[in-house]
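Structural characterization, general
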Amino acid sequence: MTDMNYTMIPLFVALPLTVSFLIMLLGNRVRWISDILCTLCTFVLCLLSFYAIGVVNGHAPLIYKVGGWFPPVGICLVLDSLSCFMLVIVNSITLIVTIYSINYMERYTAKNKFYALFLLMLAGMNGVIVTGDMFNLFVFLEIGSIASYGLVAFGTEEEELEASFKYMIMGSIAGLFILLGIGLLYSYTSTLNMADMAQVVSEKSGSKLIGFVSVLFLVGFGLKGALFPFHWWLPDAHPSAPAPISAMLSGLLIKALGVYALIRVFFSVLDATSLLPVLMVLGTMSMVIGVFLAVGQWDFKRLLAYHSISQVGYIMLGIGLGTPLGIMGGLFHLFNHSMFKSLLFLNSGAVDYATGTRNLKELGGLRERMPISASTSMVASMSIAGLPPFNGFWSKLIIIIACVNAGRPVYAAWAVLASIMTLASFMKVQKYVFFGELKEKFKAIREVPFAMQFSMVLLALICFLGGLLLVPAVSGDFLQSAVDVITNGKEYAKIVFQSLR
Amino acid sequence: MTYFLCMIIFAVGLYAVVAKRNMIKIIIGIMVMEYALNMLFVLFGYRQGGRSPILERFQEIKNIVDPLPQALILTAIVIGLATTALMVALAVRIYEKYGTFDITKIRKLRG
């Protein structure tokens, strides 16, 4: 049985694709079937990703050879500890968001189409995470992106269409830059397999082309991940989508398609450590600028979207430090940010569901009427602002300590400043939405349905207990082995080729 | 030399996306960028006087064109088709709502 473990890797892509097809086929005939199928599919994927931890961590990576062709000729899917870490994040949040959207999406027509696109997006993200082939990475990237363009425009009102068009133009340009980079790399190394490519690049060192290609990838993945100079599509696109999709986009898509792909290409394939200071500068700038723009916002979801830019900045700062501690902080913050940002978007969805508005000025005093939403959003706000004992505190602390240890106290100071600004803007959210006087027209609102409450409480629990991931006795080497994959980026080719035999 | 031509076409497309105000022209700009890349990929695989990579018995093959970029380009064209179709569909819906293709007049989102 242990030898057959590698057969589970293609399931991460194939299962959502199949179910998305089935939903389009059967959804219109049998009511409820799309809910059941989608929940079941994400549940199975979530279990599989947890099972993968035990198989992969501390062992050699699993490799699936598509069609039986040996790499470097054929495409291979590689599941190592870093992929495993990302898979757990992506699939567990997807499960929670699916449970949430069973009730939430009743407001929209065409729920089946929603589920189909949702699963396509999941397939794209999982594909980007497990793939071991450069061109395959591009294909999955585009699958995920195209599904997300459709989902942003799902409401088909003026704002949604406009946001989706903007997002789409930026996304296409990003995709083309990445494709150009892949093409140049192919002409340079005459291979598309990541491990093989890494080997050739390290043998043929000292070419200017690698620098050019790294910049192309930085622009492409930076656009997908909303890094500072490329961030301005995000505050339009993310709030326009339905709330569960905002949670997916902000919590997962920018990380799987932007941050993870950037890490994988820079550390494992190109070994472009000379660009890390650039990452740090861009990360710090997006951290500070994102939070400054966020403070002045009055739309609940738009405010959260600006905070996504800021928090991705933290992740990039941690990764860009390049020290093991910094990378650990960055990855841990990636985990935490997916949890609390998804929770905040689900909260905003709950407020929208109950009251029908997202404008902070019109809301107030919802604490009395919606106790579950209020307390879970309190947990999430404190996590994102970095108050102990919630998870956000620990990851920000690690990043700041890593900055100081690496001899860059200025970056640490910016990180602290951004954290204080985050606290300020979330105090504003809490004050205007959940505290204060209950407005007359909201006297009759009720708490959201059970499934929505359930998923919010689940995420709040993870936010509360997330700090325990740092304790090896609880998490095993879940986090540490993912960090090791990045710090040993140069070894990637060797490790993959060894486990092929 | 031809590589630079591809890069120039790519830059022309990028200019259209950045500088034009009409949505349709922006979409055309993206398509131009795509075609430039497609051509570049095929050029990567081209060999002077090369023949098609079909293996035949009793024949010694000396100089063949690299078929892999062509296969990649097929995939890229299909992806480009999907993106373009979705973009045009969105443009039509936006035109129905706003009555214009001018992106400077389509500004409901601010801040």
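Residues numbered from 1 in each chain as written. Chains lettered and ligands numbered in written order. Predicted model: local features only at pLDDT ≥ 70, side-chain atom pairs only at ≥ 80, totals over all residues. Heavy atoms only, no water.

1. Observations regarding the interface of chain B and chain A
- Counting residues at the interface gives 36 residues for chain B, matched by 34 residues for chain A.
- Both faces considered, chain B and chain A share a buried interface measuring about 3300 Å² in area, 80% of it formed by carbon and sulfur atoms.
- For the pair chain B and chain A, the number of links is zero salt bridges.
- Along the contact surface separating chain B from chain A lie three residue pairs in polar contact (both at pLDDT 80 or more).
- Contributions of two or more residues to the side of chain B that touches chain A are made by α1 (2–19), α2 (23–45) and α3 (68–98) of chain B.
- Taken together, the residues of the side of chain B that touches chain A break down into 26 nonpolar, three polar and seven charged. (Contact = heavy atoms within 4.5 Å. Buried area = accessible area lost by both parts, 1.4 Å probe. Salt bridge = Lys/Arg side-chain N within 4 Å of Asp/Glu carboxyl O. Polar contact = N/O pair within 3.5 Å; in protein donor to acceptor, adjacent residues only side chain to side chain. Helix = DSSP H or I, 4+ residues; strand = E, 2+ residues; numbered from the N terminus. Nonpolar A, V, L, I, M, F, W, Y, C, P; charged D, E, K, R; others polar.)

2. Looking at the nonpolar core
Residues and elements named next belong to chain A.
- Formed by 211 residues in total, the largest nonpolar core has its most connected members in M134, F217 and L331.
- In terms of residue count, the dominant contributor to this core is helix α10 (residues 243–270) (20 residues).
- When residues of this core are assigned to domains, at least three fall in each of domain 1 (1–271 + 477–501) and domain 2 (279–470).
- The contact partners of L331, leaving out residues within four places of it in the chain, are L82, F85, I263, I319, L479, A482, V483 and I486. (Core = buried A, V, L, I, M, F, W, Y, C linked by side-chain atoms within 4.5 Å. Buried < 20%, exposed > 50% of the residue type's maximum accessible area, 1.4 Å probe, protein only. Domains from an automatic or database assignment.)

3. Examining a nonpolar patch on the surface
Residue and element names in this part refer to chain A.
- A cluster of nonpolar residues, V457, L461, F464, L465, L468, V471 and V474, forms a patch on the protein surface that exposes about 580 Å² of accessible area.
- For the nonpolar patch, the leading source of residues is helix α18 (residues 450–465), giving four residues.
- For F464, the position within the fold is in helix α18.
- You can call F464 partly exposed: its relative accessible area is 43%. (Patch = residues over 30% accessible without salt bridge, like charges linked within 9 Å, V, L, I, M, F, W, Y side chains within 5 Å. Areas by Shrake-Rupley, 256 points an atom, 1.4 Å probe, with all protein chains shown as cover.)

4. A short note on the packing of α1(B) against α2(B)
Residue and element names in this part refer to chain B.
- Here α1 crosses α2 at 165°, and the two axes come no closer than 7 Å. Looking at the two axes, α1 sits roughly antiparallel to α2. Note on packing geometry: the crossing formed by α1 with α2 is left-handed. Contact with α1, carried on its side by T2, Y3, C6, M7, I9, F10, G13, L14, A16 and V17, involves K25, I26, G29, I30, V32, M33, A36, L37, M39, L40, L43 and F44 of α2 and no other residues of that element.
- Grouping the amino acids of the contact of α1 with α2 by side-chain chemistry returns 18 nonpolar, three polar and one charged. (Axes fitted to C-alpha atoms, helices over the stretch in contact; angles between N-to-C directions. Parallel < 35°, antiparallel > 145°, perpendicular 65-115°, else oblique. Left-handed = near helix turned anticlockwise from the far one by under 90°.)

5. Focus: the domain arrangement of chain A
Residue and element names in this part refer to chain A.
- Assigned domains within chain A: domain 1 (1–271 + 477–501) and domain 2 (279–470).
- Between the C-alpha centres of domain 1 and domain 2 the distance comes to 24 Å.
- Residue-level contacts link 46 residues of domain 1 with 47 residues of domain 2.
- Together, the buried faces of domain 1 and domain 2 total about 4100 Å²; carbon and sulfur atoms form 82% of this surface.
- Our enumeration of links across domain 1 and domain 2 arrives at one salt bridge.

6. Some points on the environment of A:M316
Residue and element names in this part refer to chain A.
- Looking at the secondary structure, you find M316 in helix α12 (residues 300–321).
- When the C-alpha atoms of M316 and G326 are compared, they prove to be 9.7 Å apart, with ten residues separating the residues in sequence.
- Beyond its immediate sequence surroundings of up to four residues, M316 is in contact with L227, V259, L262, L279 and G283.

7. Description of α3(B)
- Over its 31 residues, α3(B) extends 44 Å from the first C-alpha to the last, a length consistent with the 45 Å expected when each residue adds 1.5 Å.
- Of the residues one or two after α3(B), B:G99 is the one with positive phi, at around 75°. (Expected span 1.5 Å × (residues − 1).)

8. Considerations on the pattern of salt bridges
Residue and element names in this part refer to chain A.
- Under the criterion given, the structure shown has ten salt bridges over all chains.
- Linking D236 and K166 is a salt bridge whose minimum nitrogen-to-oxygen distance equals 2.6 Å. Taken together, the residues D236 in helix α9 (residues 234–240) and K166 in helix α6 (residues 158–189) connect sequence positions 70 residues apart.
- Assessed through its relative accessible area of 26%, K166 is described here as partly exposed.
- The closest approach of N and O atoms between R302 and D236, which form a salt bridge, is 3.1 Å. With R302 in helix α12 and D236 in helix α9, this residue pair connects regions lying 66 residues apart in the sequence.

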